Amino acid sequence: MGTGGGWIQSLLVYLYITAPCHALVYEEKMPNLLRKCLERTSHKKGNVTRDTAESIDYMCTKEYLFKTPEERWHPDLDKVINTKTLKKFASLFKELDIGETRSHKIRYRYSSIKRHFVRVRRATPIIRKEIRMLSEEERQKFLKALVAMKADASDPQRQPNVYDWFCNLHPNKVAPNAHYGPAFFGFHRIYLYLFEQQLRTYEPDTFLPFWDSTYESLLGTPTSSVLFTEDFLGGGTGTVTDGPFKNWKHDKVGVLIRNTANSGQLFQRETIDKIMMKMFMSDISNPDAEFDVNLEAKHGQVHAWIGGAMDNLDYSPADPIFYMHHCFVDAIWERFRDNQVKRGMDPTSYPDVTEGHAANKPMKPFYLEVKNGKKIYLKNKDGYALKWSQLVRYVYPKRDCKRNSDCQSDVMVCREEQCMTMTAHEYEASKAAPPPPPPPPPAPPKRRHSPSVYKAPINKAPITAAFFTTTPAPTRGVDDLPGWDNWFMWRKKRSVSYVHTRYPYPYHYIRRHLYYLTRRYRKKSRQQRREKIGEVGIKYKYSDEKTSPIYHSLQNTFTIDGVEDIDNWVYIPIIVYYRRPNEVHYDAHPISHGHPIMNKDVFNQYHDAKYITHKVGNPAKNANCYHIGSGATKVYVKATGMNYNGFYTDYALVDERQPLSFGLTEVGVKKPVGKTPSKVYISAHDPCGRSCKARCLVAGSNPPRYRPCSGTIGVTSKGPLMYSSNIGDAHLNTYDFSTLPPTLSSKKIFLVFYCDQSEVWPWDA
C-alpha cells in the first residue's frame, strides 16, 4: 500500500512539473542573472522612494540581454568586422600614441597632472558644441556628412555602407565589454572619436555636436522640442519620414523608428550636479555606484525615452541621435575628470574591478597591431588616457540669461532668466513671421525762422538759400502722396510758402505722418504675424501638446531575429488594473451647502479602508511625470524576448480619475514554432515610471484565480489557443459573445498586472 501510494505521489509530482510545458501559456522561471541584478540594484544601490522601479527594471533587462547573447539569435559579424577593416584604426592609434609610450612618464601628483592638462589644452583640439549652438552652416555640414556616410558603399570592406558598418561595431558579439562597467566610458570615447574622424572625410570642418537633453527636461512637453523637426533630427513619433534621416533603415533593426516619452526619462540637471560632487570613477560607474548617480544607468534612461532603434542596445547607433547623446555623456565625464584634476586626483585612475572590465583586459574590437597572427588590443584603461583631453574639447552652452541674445542661438529663448530650447511650434512660427519693421528715417532738421542760412547736421557745412526751393502748399490732386492729403486735411487755399529740402511738406507734418505710418505698419505686421502663427499651429504636425504620447499610438519594429515581418508575431491579451495615484486632482469639485470644496474632486469620494487592504505609499516618480485634465492615461506593457531577439510594447488606456480602473491590451511575442516555446519577460509601468505587479493564472482554478509571478512566461503552439495572429482577434477572443452584452472571460487571460503605487519593488511582491 505504501509503495503504491508513493508511486502515485511521484507520478503526480512529475505531472505537476511537466504539465505546464504542454500548456499553451505557462509561467517560466526568471533567469538568475536578471533576478540577481534586480535584487542587487534595488536593495543595495537603490531606494524605492528615490529611484523608479521602471528604470531599474530597464537597466537589468538590458544587462541580461547584453551578457547572454548566446541564448538567442545574433548575427554573424565575423565576416563584416575583420582584421582588414580595422587596420586603419590600428594605424591611427599608433599615430596618436594613446598609451604615451613615446612621451615622458607623468608623475601623478597634483602639480604634474595640472601642468599636463595645461599643456594638452594648448594644442588645437576638435571643438564640440551643443547642437543648438551650431550655426546654420555648421549644422548643414554635419547633417550632410551623416547622409554621405550612410550613402557611401564604395568600400568593399565596410558594407552595406560606412554608417551601418560603424553601427555593427557596437553589439556585444563585437564589443563584449562596452557596457555595464567602467570600460563603458573609455570604449564610447574612442568609438565617438573614430566615427567623428570618418565624418571629417566627407566634410573636413565638421565635428560631432552633443545633445544636452536637460534642455528638453525643462519644457512642459519635452516631445515638442525643436530638435524633432525636419530641419534638425526629424520626427520623434513613429517612423521617421521627414528630416535628414527620413526612410533610413538598418538590416538588423529595420526602419528608423522613435517613440519619444513613452518610457525612461531625460537627463536632469540635479542629477548631473550630484554626479559632479563625487570624487572617484567607482562612485559613478557600474558596479559600485549608487543608482541615482550611476551615469551609465542614467544614460540608458535617455535611450528608453527616445525608444525605437535607440531602445535596441546592440544596434542603437542605427539612430544618429545615439552619437549626439553619447557625446553629451562624454562631455559630462570630461567635466568630472576636470573636477578630479582640480581636487588633485588622477583622472586616469581606473576602478578596481575584475573580469572583462578590468583595467588590463582587451578593449575589443580595437587593436594596435597583429603579432604572430595574434591581435594586440587596446586595454580598457587606455580609454582613460590623458591624450583624449588633447584631441577634443567641449564648449558648454550658457544656462543663465537676461535676454534672448545671451543664449547665443537662434533656437534658444530666455525665460525666467534661464536659456531654454524653442518648441517646434515656436521655431516654425519664427520662420514664418515677417521680418521686424525697419526703423523710421530720421526726422528732418528743425527749420530756423530765417531760411537763408542754416548748418547742415552731417557735414556741418553752411547751406545757403540757393539749395532750397519754394513750393506752394499742396492742394488735392496736385503733387500729393497717397493718403497724405486726407490725413493732413489740406485747405484748398493757403498763401504761405514752405521751404523744404527733400519733401514738399513742412518738417512737423512729415514727423507726424512718419509716426502714423510706423504705428500702422507695426499694427499690420503684428496682425500678419498672428495669422501666420495660427496657420503654422494648424499645419505643423509636431506643434504644442499634440506631440505628447497621449495623442499617439506606439510604432513597433516587428523585427524578430533580424527579420522585419509582422507575420512572425502572435498576440496575447493582458489586463491592467490601475489604482488612482495620490497626486492627481481634477476640476470637478463637490458642492456642499452652496459652497464648492476646492481641495477635493468628486472622483475621490470613497473610503480607502473599506476596499483597499494595504496602504498606498509614495514610490519614486519620473521628473517629467504629469497628468492631463481628462483623466486618460496609459499603462505601458513591454515584452522582451528571452530566447529570441525581439521587443514589443503596447499600452492599456485607463481612467485615473476613478479609485480603480482597468484596461485590456495585447502584446506581441514570437510565434512559437514546433515544440520550441517562445520565452518572454513581460513588465508594466505607468507614465511616471512606477512599475506594476505581475499575477499569473492558476491552472485549473474555477473561478479563475491569480497568484504573484515574475512576468516571465512561455508560449507554445499547443491548444486551446490563448493567443491570436492579429491584435483585433486577440482582443475580441477574450469576450464571450453568447450573451449580450458580451462578458469578459478571464480564463483566456493568463497574465494581469496590478498598479497600486505601493512602496514595494514589484519583483519582491
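Because the structure is a prediction, the values reported are computed rather than measured. (Residues numbered from 1 in each chain as written. Predicted model: local features only at pLDDT ≥ 70, side-chain atom pairs only at ≥ 80, totals over all residues. Heavy atoms only, no water.)

1. Considering the overall build of the chain
Logical step 1: Per the secondary structure count, the chain includes 18 helices and 30 strands.
Logical step 2: Expressed as a percentage of its 765 residues, the buried residues of the chain come to 52%.
Logical step 3: Restricting to contacts in the chain with at least 6 residues of sequence separation, those with at least 24 account for 73%.
Logical step 4: As presented, the chain carries roughly 38000 Å² of accessible surface, and 54% of it is formed by carbon and sulfur atoms. (Helix = DSSP H or I, 4+ residues; strand = E, 2+ residues; numbered from the N terminus. Buried < 20%, exposed > 50% of the residue type's maximum accessible area, 1.4 Å probe, protein only. Contact = heavy atoms within 4.5 Å. Areas by Shrake-Rupley, 256 points an atom, 1.4 Å probe, with all protein chains shown as cover.)

2. Digging into the UniProt feature "domain: Tyrosinase copper-binding" (unreviewed entry) in the chain
Logical step 1: In the numbering used here, UniProt assigns the feature "domain: Tyrosinase copper-binding" (unreviewed entry) to residues 179–196 and 319–330.
Logical step 2: Taken as a whole, residues 319–330 contains 83% helix and 0% strand, while its terminal C-alpha atoms sit 18 Å from one another. (UniProt positions renumbered as here; feature names shortened; annotations may be inferred.)

3. A word on the sheet that holds strand β25 (residues 693–697)
Logical step 1: The strand order across the open sheet built from five strands is β23-β18-β30-β25-β26, with neighbouring strands paired in mixed fashion. At either margin of the open sheet sits one strand with a lone partner, and together these are β23 (660–670) and β26 (706–708). Between one strand and the next, the sheet's axes are offset by a mean angle of 30°, whatever the strand orientation. (Pairing = 2+ DSSP bridges. Axes fitted to C-alpha atoms, helices over the stretch in contact; angles between N-to-C directions.)

4. Description of the side chain of T52
Logical step 1: Within the fold, T52 resides in the loop between α2 (32–45) and α3 (53–67).
Logical step 2: Look at T52 and you get buried, because its relative accessible area is 3%.
Logical step 3: Contact partners of T52, with chain neighbours within four places excluded, come to Q265, A620, K621, N622, C688, G689 and W761.

5. Side note on the packing of helix α10 (residues 269–276) against helix α12 (residues 321–342)
Logical step 1: Two elements in contact, α10 and α12, have axes separated by 10 Å at closest approach and are oriented at 35°. By crossing handedness, the relation of α10 to α12 is classed as right-handed. Where α10 abuts α12, its residues I272, I275 and M276 lie against F328, I332, R335, F336 and N339.
Logical step 2: The residue inventory of the contact of α10 with α12, partitioned by class, reads six nonpolar, one polar and one charged. (Left-handed = near helix turned anticlockwise from the far one by under 90°. Nonpolar A, V, L, I, M, F, W, Y, C, P; charged D, E, K, R; others polar.)

6. What to know about the environment of K94
Logical step 1: Checked against the element boundaries, K94 lands in helix α4 (residues 87–96).
Logical step 2: When the C-alpha positions of K94 and E369 are compared, they lie 8.8 Å apart, and in sequence the two are 275 residues distant.

7. Regarding the sheet that holds strand β24 (residues 678–685)
Logical step 1: On the basis of which strands lie adjacent, the open sheet formed by five strands has the order β1-β27-β24-β21-β22 and antiparallel pairing. A strand with exactly one partner marks an edge of an open sheet, and here the two such strands are β1 (25–27) and β22 (647–655). Averaged over neighbouring strand pairs, the angle between their axes works out to 30° when direction is ignored.
Logical step 2: Here strand β21 (residues 632–641) runs beside β24; their pairing, made up of six bridges, is antiparallel. Residue A639 lies in a different strand from β24, and its bridge partner there is I682.
Logical step 3: Packed on one face of the sheet, α3 meets β21, β22 and β24 and runs near 20° to β21.

8. Some points on the packing of α3 against helix α11 (residues 295–306)
Logical step 1: Two elements in contact, α3 and α11, have axes separated by 10 Å at closest approach and are oriented at 95°. In terms of axis orientation, α3 runs roughly perpendicular to α11. Across the interface between the two elements, E54, S55, Y58 and M59 from α3 touch A297, G300, Q301, H303 and A304 from α11.
Logical step 2: Taken together, the residues of the contact of α3 with α11 break down into four nonpolar, four polar and one charged. (Parallel < 35°, antiparallel > 145°, perpendicular 65-115°, else oblique.)

9. Focus on the packing of aromatic side chains
Logical step 1: Enumeration according to the criterion identifies 38 aromatic pairs in this entry.
Logical step 2: Where Y163 meets Y323, the ring centres are 6.0 Å apart and the plane angle is 70°; that geometry is what we call edge-to-face. Separated by 160 residues along the polypeptide, Y163 in helix α7 (residues 162–167) and Y323 in helix α12 bring together distant segments of the chain. Here Y163 and Y323 have matching classes, each one buried.
Logical step 3: Over the face of the ring belonging to F647 we find K62, whose NZ or CZ atom lies 4.3 Å from the ring centre. (Phe/Tyr/Trp six-rings, centres within 6.5 Å; stacked < 30°, edge-to-face > 60°. Lys NZ or Arg CZ within 6 Å of the ring centre and 35° of its normal.)

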